[in-house]
Amino acid sequence: MSVPRRRRRLPDEVRAAAVRAVLCLSFTLVGVVVATLASYADSWLMTPALMAMGLGVFGTMWCLLEILISRQIAAQRLRAPGSAHPMTGGRAPEPLAARPLPRPGGPQRQPRVPTA
């Protein structure tokens, strides 16, 4: 019997962006309903409702872009230079400090001569 894996929690900035997107989408939907009802009633509220709906569509697209950008930033933070790269099979790269630096008075390596 297999145990279902738990999904990882989204980073805080991604969750905050998602909440803003949902709020902006709900604002837009309320503007659509008000504009529809105002057009049926032939009311003066139709013009402000249409303007609010247009701003809501722009804001919703802006929030969706913010979600994408914050997800990319969070993914880059997880793949920091000190962490394991997915293509290395889980091994972290050798740190630069582990390699000895050549000493000025030490033995010099002879340059390789290419063989044909």
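Refer to the structure above for everything that follows.
Residues numbered from 1 in each chain as written. Predicted model: local features only at pLDDT ≥ 70, side-chain atom pairs only at ≥ 80, totals over all residues. Heavy atoms only, no water.

**Q** Looking at this structure, I do not really get the side chain of T60. What am I missing?
**A** Secondary-structure assignment places T60 in helix α2 (residues 46-78). Here the side chain of T60 touches G56 through a polar contact of 2.7 Å, landing on its backbone oxygen. (Helix = DSSP H or I, 4+ residues; strand = E, 2+ residues; numbered from the N terminus. Polar contact = N/O pair within 3.5 Å; in protein donor to acceptor, adjacent residues only side chain to side chain.)

**Q** Can you walk me through the pattern of salt bridges in this structure?
**A** Two side chains that carry opposite charge are able to pair once their charged atoms sit near each other. With the rule as written, the count across this model stands at 3 salt bridges. Across the salt bridge formed by E13 and R77, the nearest N and O atoms sit 2.9 Å from each other. Highlighted residues: E13 in helix α1 (residues 12-41) and R77 in helix α2, separated in sequence by 64 residues. E66 serves as the salt-bridge partner of R20, at 2.5 Å between the closest nitrogen and oxygen. With R20 in helix α1 and E66 in helix α2, the pair connects residues that are 46 residues apart, well separated along the chain. (Salt bridge = Lys/Arg side-chain N within 4 Å of Asp/Glu carboxyl O.)

**Q** Can you walk me through the packing of α1 against α2 in this structure?
**A** Relative orientation and spacing of two packed helices are given, respectively, by the angle between their axes and the distance between those axes. For the pair α1 and α2, the least separation of the axes is 8 Å and the interaxial angle reads 165 degrees. Between α1 and α2, the interaxial angle falls into the category roughly antiparallel. As α1 packs across α2, the resulting crossing turns out to be left-handed. For the contact of α1 with α2, the per-class residue count stands at 20 nonpolar, 7 polar and 5 charged. (Axes fitted to C-alpha atoms, helices over the stretch in contact; angles between N-to-C directions. Parallel < 35°, antiparallel > 145°, perpendicular 65-115°, else oblique. Left-handed = near helix turned anticlockwise from the far one by under 90°. Nonpolar A, V, L, I, M, F, W, Y, C, P; charged D, E, K, R; others polar.)

**Q** Looking at this structure, how should I read the state of the cysteines?
**A** Think of a disulfide as a covalent bridge from one cysteine sulfur atom to another cysteine sulfur atom. Tallying each qualifying case throughout the model produces 0 disulfides. Unpaired in this structure, C24 has its nearest cysteine sulfur neighbour in C63, at a distance of 4.6 Å. By relative accessible area, which is 15% here, C24 ends up buried. (Disulfide = S-S within 2.5 Å. Buried < 20%, exposed > 50% of the residue type's maximum accessible area, 1.4 Å probe, protein only.)

Nothing here speaks to function; it is all geometry.
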